[in-house]
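# Structural characterization, general
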Amino acid sequence: MYRHIRILVAEDNPHDAYFLKRAFLKAGINAPLHFVHNGQEALDYLAGSHEFTDRGAFPLPSLMLLDIKMPLIDGFQVLKWLRQQPGLLKLPVIVFTSSGEPRDVDLAHELGANGYTVKPSGSEQLFETVQSLEHYWLKQHCYPTLSARPAEA
């Protein structure tokens, strides 16, 4: 049902990535998920550089879930870079992070995040969060066309 929506998940914690995959499966969401493990990989993926040059294998995402606290380059830097790329300005980005600090929420929105969600602590709450994400972002949201190749990261 959601094969046309590709989701890029920037998540450095393997346990969080595992439970997020499980929550998507439990919700019956078959949208392709691609995981990157740090901010530099996120930039490389979005730029189509390094190991992500083949857009057939690594197509531009329709939606991005972005952790803030990541190694090498943090999520704020990723968001700042992303919003400076003409071909990616319209990419919906939901910050999905463990920080509920008001300054982080404010900064993410100032940098162009479309949403901000604090990762829930339990598996049932994560499942409910994924269902909420599905309800709006996968069922109702109309996605823009992303076509221009961004600058190298």
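Rules behind the numbers
- Residues numbered from 1 in each chain as written.
- Predicted model: local features only at pLDDT ≥ 70, side-chain atom pairs only at ≥ 80, totals over all residues.
- Heavy atoms only, no water.
- Axes fitted to C-alpha atoms, helices over the stretch in contact; angles between N-to-C directions.
- Helix = DSSP H or I, 4+ residues; strand = E, 2+ residues; numbered from the N terminus.
- Parallel < 35°, antiparallel > 145°, perpendicular 65-115°, else oblique.
- Left-handed = near helix turned anticlockwise from the far one by under 90°.
- Contact = heavy atoms within 4.5 Å.
- Nonpolar A, V, L, I, M, F, W, Y, C, P; charged D, E, K, R; others polar.
- Core = buried A, V, L, I, M, F, W, Y, C linked by side-chain atoms within 4.5 Å.
- Buried < 20%, exposed > 50% of the residue type's maximum accessible area, 1.4 Å probe, protein only.
- Pairing = 2+ DSSP bridges.
- Right-handed = clockwise from strand over helix to strand, strands pointing away.
- 1 Å grid on protein atoms, 1.4 Å probe; cavity = no way out; pocket = protein on both sides within 12 Å on 5 of 7 lines; lining within 4 Å.
- Points joined across faces, edges and corners; volume = space filled by probe spheres on them.
- Salt bridge = Lys/Arg side-chain N within 4 Å of Asp/Glu carboxyl O.

### Some remarks on the packing of helix α1 (residues 14-26) against helix α5 (residues 123-138)
The contact between α1 and α5 brings their axes to 9 Å, and the two run at 60°. The angle between the axes of α1 and α5 places the two elements in the oblique class. Relative to α5, α1 is oriented so that their crossing is right-handed. From α1, Phe19, Leu20, Ala23, Phe24 and Lys26 reach across to α5, where they touch Glu124, Leu126, Phe127, Val130 and Leu133. In the contact of α1 with α5, the residues fall into eight nonpolar, no polar and two charged.

### Topic: the nonpolar core
Among the nonpolar cores identified, the biggest contains 29 residues, and Leu46, Met64, Leu66, Val78 and Leu82 are the most heavily contacted of them. Those elements that provide at least two residues to this core are β1 (7-10), α2 (39-47), β3 (63-66), α3 (75-82) and β4 (93-97). Contacts of leucine 82, omitting those with residues within four sequence positions, involve Leu46, Leu88, Leu89, Leu91 and Val93. Core analysis: the next-biggest nonpolar cluster, separate from the first, contains 22 residues, Leu126, Leu133, Trp137 and Leu138 among them.

### With respect to the pairing of strand β2 (residues 33-36)
The pairing of β1 with β2 spans four bridges and is classified as parallel. Residue pairing across strands places leucine 8 opposite histidine 34, the latter belonging to β2. Read as a crossover between parallel neighbours, the route from β1 over α1 to β2 is right-handed.

### Here we look at the layout of surface pockets
Considered as a void within the structure, the largest pocket measures approximately 170 Å³ in volume. Glu11, Asp16, Phe19, Leu20, Phe96, Lys119, Pro120, Ser121, Gly122, Ser123 and Leu126 are the residues that line the largest pocket. Of the residues forming the lining of the largest pocket, the biggest block, three residues, is contributed by α1.

### Observations regarding the pattern of salt bridges
Evaluation of the coordinates by the stated rule reveals six salt bridges. In this structure, lysine 26 engages glutamate 124 in a salt bridge whose closest nitrogen and oxygen atoms are separated by 3.3 Å. Remark: glutamate 124 occurs in helix α5 and lysine 26 occurs in helix α1; sequence separation between them is 98 residues. On the basis of relative accessible area, lysine 26 is assigned to the exposed category, the value being 54%.

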